[in-house]
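# Architecture and fold: a report
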Amino acid sequence: MTTRFTGSFTQQEAIPDEGIAAAMAVLRGGRLHRYNVAEGELSEAALLEQEFAAFTGAKYALAVASGGYAMGCALRAIGVKPGDRVLTNAFTLAPVPGAIAAVGAVPVFVGVTEGLVIDLDDLEAKAGAASVLMLSHMRGHLCDMDRLMAICDAHGITVIEDCAHTMGAAWKGVPSGRQGAVGCYSTQTYKHMNSGEGGFLVTDDEEIAARAVMLSGSYMLYERHLAAPGPEVFERIKYETPNVSGRMDNLRAAILRPQLRALPEQVARWNDRYRVVEDGLRGTPGLTVVERPEEETYVGSSIQFLLLDWSAEGVQSVLSRCAARGVELKWFGGAEPAGFTSRYDSWRYAPSEPLPASDRVLRGIVDMRLPLTFSLDDCALIAGIIRDEVGAVFQAG
Ligand SMILES: *Cc1c(COP(=O)(O)O)cnc(C)c1O
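This section reports on the structure supplied with the text.

Cut-offs used in this document
Residues numbered from 1 in each chain as written. Predicted model: local features only at pLDDT ≥ 70, side-chain atom pairs only at ≥ 80, totals over all residues. Heavy atoms only, no water. Helix = DSSP H or I, 4+ residues; strand = E, 2+ residues; numbered from the N terminus. Rg over C-alpha atoms; globule rule 2.2 N^0.38 Å. Buried < 20%, exposed > 50% of the residue type's maximum accessible area, 1.4 Å probe, protein only. Contact = heavy atoms within 4.5 Å. Lys, Arg positive; Asp, Glu negative; His and termini not counted. Charge placed at Lys NZ, Arg CZ, Asp CG, Glu CD. Patch = residues over 30% accessible without salt bridge, like charges linked within 9 Å, V, L, I, M, F, W, Y side chains within 5 Å. Areas by Shrake-Rupley, 256 points an atom, 1.4 Å probe, with all protein chains shown as cover. Salt bridge = Lys/Arg side-chain N within 4 Å of Asp/Glu carboxyl O. Axes fitted to C-alpha atoms, helices over the stretch in contact; angles between N-to-C directions. Parallel < 35°, antiparallel > 145°, perpendicular 65-115°, else oblique. Left-handed = near helix turned anticlockwise from the far one by under 90°. Nonpolar A, V, L, I, M, F, W, Y, C, P; charged D, E, K, R; others polar. Right-handed = clockwise from strand over helix to strand, strands pointing away. Pairing = 2+ DSSP bridges. Near = heavy atom within 4 Å. Polar contact = N/O pair within 3.5 Å; in protein donor to acceptor, adjacent residues only side chain to side chain. Phe/Tyr/Trp six-rings, centres within 6.5 Å; stacked < 30°, edge-to-face > 60°. Core = buried A, V, L, I, M, F, W, Y, C linked by side-chain atoms within 4.5 Å. Domains from an automatic or database assignment.

Within the chain one finds 12 helices and 14 strands. In summary, the chain has a C-alpha radius of gyration of 21 Å against a globular reference of 21 Å for 397 residues, a match within 12%. By principal-axis analysis of the C-alpha atoms, the chain measures approximately 70 × 50 × 35 Å. Counting every position in the chain, which comprises 397 residues, the buried fraction comes to 55%. Partitioning the contacts of the chain with sequence separation of at least 6, the portion at a separation of at least 24 is 72%. In the chain, 36 positive and 49 negative side-chain charges are present, and the distance between their average locations comes to 4 Å.

There is a patch of nonpolar side chains on the surface, built from Ile20, Met24 and Leu27 and spanning about 250 Å² of accessible area. Topologically, isoleucine 20 is positioned in helix H1 (residues 17-29).

Bringing the packing of helix H3 (residues 67-77) against helix H4 (residues 95-102) into the picture now. Between two packed helices, the angle of one axis relative to the other and the distance separating the axes together describe the packing. Put simply, H3 and H4 touch, their axes get as near as 9 Å, and they point 40° apart. The orientation of H3 with respect to H4, classified from their angle, is oblique. Every pair of crossing elements has a handedness; the one defined by H3 and H4 is right-handed. Along its contact with H3, which presents Gly68, Met71, Gly72, Leu75 and Arg76, the element H4 presents Pro95, Val96, Ala99, Ile100 and Ala102. Residue composition of the contact of H3 with H4, by class: 7 nonpolar, 2 polar and 1 charged.

Here strand E5 (residues 158-162) lies mainly inside the structure; 4 of its 5 residues are buried. Crossover strand E4 (residues 132-136) to E5 through helix H6 (residues 145-154) is right-handed. Here E5 runs beside strand E8 (residues 182-186); their pairing, made up of 3 bridges, is parallel. Counterpart to glutamate 161 in the pairing with E8 is glycine 183.

Moving on to the pairing of strand E1 (residues 60-64). With 5 of its 5 residues buried, E1 lies for the most part within the structure. Here E1 shows no split at all, with Tyr60, Leu62 and Val64 on one side and Ala61 and Ala63 on the other all buried. Alignment of E1 against strand E9 (residues 199-203), held across 5 bridges, turns out to be antiparallel. Counterpart to alanine 61 in the pairing with E9 is valine 202.

Here we take up the sheet that holds strand E12 (residues 302-306). As summarised here, the arrangement of the 4 strands in space is E10-E12-E14-E13, forming an open sheet in which the pairing is antiparallel. Here the strands that pair on one side only, and so sit at the sheet edges, are strand E10 (288-289) and strand E13 (330-331). Of the pairings in the sheet, the one linking E10 to E12 comprises 2 bridges and is antiparallel in character. For threonine 288, the partnering residue across the bridge sits in E12 and is leucine 306.

Around the ligand sit 16 residues, and of these Gly67, Gly68, His165, Ser186 and Lys191 come closest. Interatomic distance of 2.8 Å between a backbone N/O atom of glycine 68 and an oxygen atom of the ligand. Protein contact buries 92% of the 380 Å² of open area that the ligand shows by itself. The set of elements that each furnish at least two residues to the shell around the ligand consists of H3 and H4. The dominant element in the shell around the ligand, judged by the number of residues it contributes, is H3, at 3 residues. A per-class count over the shell around the ligand returns 5 nonpolar, 9 polar and 2 charged.

A few words on the packing of aromatic side chains. The tally for this structure, following the rule as stated, stands at 13 aromatic pairs. The interplanar angle of 75° and the centroid separation of 5.6 Å between the aromatic rings of phenylalanine 5 and phenylalanine 9 together place this pair among those described as edge-to-face. For the ring pair phenylalanine 109 and tryptophan 347, a centre distance of 5.7 Å and an interplane angle of 45° mean the geometry is tilted. Remark: tryptophan 347 occurs in the loop between E13 and helix H11 (356-364) and phenylalanine 109 occurs in strand E3 (residues 106-110); sequence separation between them is 238 residues. Comparing phenylalanine 109 with tryptophan 347, the two get one shared label, buried.

This paragraph deals with the pattern of salt bridges. Summed over all chains, the structure comprises 28 salt bridges. Between aspartate 359 and arginine 343 there is a salt bridge, and its shortest N-O distance comes to 3.4 Å. Taken together, the residues aspartate 359 in helix H11 and arginine 343 in the loop between E13 and H11 connect sequence positions 16 residues apart. Taken as a pair, aspartate 359 and arginine 343 share a single burial class, namely buried. Sharing partners across several salt bridges, the network here consists of Glu206, Glu207, Arg211 and Arg236.

Grouped together as the largest cluster of nonpolar side chains are 45 residues, with contacts concentrated most on Leu123, Leu133 and Leu148. Every element with two or more residues in this core is listed here: helix H2 (44-56), E1, E3, helix H5 (120-126), E4, H6, E9 and helix H9 (250-281). Among the elements that take part in this core, H9 stands out by supplying 6 residues, more than any other. When we break this core down by domain, the ones giving at least three residues each are domain 1 (17-257) and domain 2 (262-396). When sequence neighbours within four positions are dropped, the list of residues in contact with leucine 148 reads Ile118, Leu120, Leu123, Leu133, Leu135, Cys143 and Val159. Residues Val64, Val103, Val132 and Ala210 belong to the second largest nonpolar core, which totals 33 residues.

In structure tokens:
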């Protein structure tokens, strides 16, 4: 009898009770707008920003409406103008080139390696093409950040980090989002903290921080922030910075504060699950496990493996056989965008040069979510199913 997995790949855990209680208090007070505070009250949004700044070790933090908003806001705050070129990853999700396009800038795609990180040789070759890099730590894989920063520093490139999949991760102990000028995070349901929609940006640069606060829609109420620069910095930029409304509200902030306190514990739980799946897949003929560098502290909220140089039919066959046994895999090699998954050449508003070495990798990337609602036994079962089905198709081919 073949075993089947019956859990859901899209079911996250409930909001912690503490978060539900805090949300109820906000609802009872009726003061959901972040600048609507009672006499002497500090808003949930302002407190969350203070706590997120402390968590990342950044001087300044801003909570916003989404991760995509954080990226667009960061691009504007560092002065990217319509028509500017912005380097970014060919292997990422649609909101990344979307944030670049939203400010009228033009993405220039940099390839992906078999380690699923940005190709630093390709970055070096294209470094003269732009003065900004929107670096996406796609699916939580961190590249050699020392070499990346050396390349960018040598070419005067400002780095914005897309940490949608690396909240809680680190490179040589430095929290993800803290090497570039700005780090951007998402608190959308499928990320590491869940407020439905939401995001953050962090920076140590006082002018970027002040512009971001103004851009997010602070009006002249910026003094109600607890993780923003002093009023003298706002004096310098407040007349020139437009209001591009995208604030976070107190209800979302209230449910995020307890989740931030619990994050280190959640990271450990994700990694327990990741290691069970990784161990189960290791040694499967035809399948390449993506080895993690020693310098990287990762958050295993999803796992990827490669079916390198397989035919499209072979990969499709693995996907459908696994799906028939309840295991939902996503493929980055499909010609047509599907669900959350698309390729750089499907973003037709952004012209791209062919990247043959990256195409080979993309054709082989299989991706799976690991929600915390999975038990360790579930993870072992899932790995066993993938192992069987990859093995069966590989042998037949
Ligand atoms: C989810 C995601 C984003 C954007 O976050 P939203 O909060 O959904 O706007 C950016 N980059 C990557 C890689 C993502 O997965």
